[in-house]
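Below, each chain spelled out in residue letters.
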Amino acid sequence: MTSAGQAPEVFAQRPKRADARRNYDSLITAAREAFAEHGAAASLEDVARRAGVGIGTLYRNFPTRRHLFEAVYVEEVRELCHTAEGLAELPPWDALVAWLHRFVGYVATKRALAEQLLHNSEIFTSCRAEIFSAGGPLMHRAQAAGVVRNDIDFDDVVRLISGLTMAQFPSPEQRDRVLGVALDGLRPPAASR
């Protein structure tokens, strides 16, 4: 997470009581599914129904649609960042590639949410910083091991992979092949290996 090891304020908005936390988590899961299926226009009544709670419970947790978008987005970033922690034991290249594959999945499924958030909003900025805090060290470790070229930075890689996810692929297999080609471009030139 952050360099101090503490979750930023944006990640610390979960209810404290167990029953309220269960409702909150159910709403996040239901919203994630509804947004994946129907995009940003998904019905909030459908979200509440999927979560097994009343619409009042949804609005108590998320007073506006934007609050729900932000909470789902933050939760996705939290999971993406947590993935980086679990990859520390892998060799540097394998860890970076595994995290970037997870990043591709995150970007592809969160396009509708990201479109609803202002890219200069506090939530978006904080989440971007957390993504860089999670993925950057994986790339730096791979660069130190000599398996990633040194003339690029993590922002270059995020832009490359994000751009790749904007393309429409007829199958996940083709997307993965194209991602493989992009990842090959991160390796140092053959002469310096």
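- In the annotation of an unreviewed UniProt entry, the protein chain is listed under the name TetR family transcriptional regulator and assigned to Micromonospora inaquosa.

### Describing the packing of helix α1 (residues 18–38) against helix α4 (residues 65–85)
Next, step 1: Direction vectors running N to C along α1 and α4 enclose 95°, while the axes themselves pass 10 Å from each other. Looking at the two axes, α1 sits roughly perpendicular to α4. On α4, the residues touching Y24, I28, A31, R32 and F35 of α1 are R65, L68, F69, A71, V72, E75, E76 and E79.
Next, step 2: Its residues assigned to classes, the contact of α1 with α4 shows 8 nonpolar, no polar and 5 charged.

### Observations regarding the state of the cysteines
Next, step 1: Going through the model one piece at a time under the given rule, you end up with 0 disulfides.
Next, step 2: Between C81, a free cysteine, and C127, which holds the nearest cysteine sulfur, the sulfur-to-sulfur gap is 8.0 Å.

### Some thoughts on the pattern of salt bridges
Next, step 1: Taken as a whole and assessed by the stated rule, the structure comprises 14 salt bridges.
Next, step 2: D46 is the partner of R49 in a salt bridge, and the nearest nitrogen-oxygen pair spans 3.7 Å. Here R49 pairs with D46, and both are found in helix α2 (residues 44–51), just 3 residues apart, close to one helical turn.
Next, step 3: For D46, a relative accessible area of 16% gives the class buried.
Next, step 4: We note a salt bridge from R78 to E75, for which the minimum N-O separation is 3.1 Å. Here R78 and its partner E75 are both found in helix α4, 3 residues apart, which amounts to about one turn of the helix.
Next, step 5: By relative accessible area, E75 is classed as buried at 8%.

### Regarding the environment of L100
Next, step 1: Examined against the element boundaries, L100 turns out to sit in helix α5 (residues 92–109).
Next, step 2: For the pair L100 and I161, spaced 61 residues apart in sequence, the C-alpha to C-alpha distance is 7.8 Å.

### A look at the nonpolar core
Next, step 1: One finds W99 and F103 to be the most contacted residues of the largest nonpolar core, which totals 36 residues.
Next, step 2: The set of elements that each furnish at least two residues to this core consists of α4, α5, α7 (122–144), α8 (154–166) and α9 (172–184).
Next, step 3: Of the residues forming this core, the biggest block, 10 residues, is contributed by α5.
Next, step 4: When sequence neighbours within four positions are dropped, the list of residues in contact with W99 reads L80, T83, A84, L87, I131, A134, G135, L138 and F154.

### Description of the packing of α7 against α8
Next, step 1: In contact at an axis separation of 10 Å, α7 and α8 are set at 110° when each is read in the N-to-C sense. On the basis of their axis angle, the class for α7 and α8 is roughly perpendicular. Residue-level contacts link R128, I131, F132, G135, G136 and M139 of α7 to F154, D155, V157, V158 and R159 of α8.
Next, step 2: Split into classes, the residues belonging to the contact of α7 with α8 amount to 6 nonpolar, 2 polar and 3 charged.

### Quick word on the environment of D94
Next, step 1: As for its placement among the helices and strands, D94 is situated in helix α5.
Next, step 2: Measuring from C-alpha to C-alpha, the distance between D94 and V147 comes to 9.9 Å, with 53 residues separating the pair along the chain.

### A few points about the UniProt feature "DNA-binding region" (unreviewed entry) in the protein chain
Next, step 1: The positions UniProt marks with the feature "DNA-binding region" (unreviewed entry) are residues 43–62.
Next, step 2: From the first C-alpha to the last, residues 43–62 spans 14 Å; its make-up is 75% helix and 0% strand.

The rules behind these values
- Residues numbered from 1 in each chain as written.
- Predicted model: local features only at pLDDT ≥ 70, side-chain atom pairs only at ≥ 80, totals over all residues.
- Heavy atoms only, no water.
- Axes fitted to C-alpha atoms, helices over the stretch in contact; angles between N-to-C directions.
- Helix = DSSP H or I, 4+ residues; strand = E, 2+ residues; numbered from the N terminus.
- Parallel < 35°, antiparallel > 145°, perpendicular 65-115°, else oblique.
- Contact = heavy atoms within 4.5 Å.
- Nonpolar A, V, L, I, M, F, W, Y, C, P; charged D, E, K, R; others polar.
- Disulfide = S-S within 2.5 Å.
- Salt bridge = Lys/Arg side-chain N within 4 Å of Asp/Glu carboxyl O.
- Buried < 20%, exposed > 50% of the residue type's maximum accessible area, 1.4 Å probe, protein only.
- Core = buried A, V, L, I, M, F, W, Y, C linked by side-chain atoms within 4.5 Å.
- UniProt positions renumbered as here; feature names shortened; annotations may be inferred.

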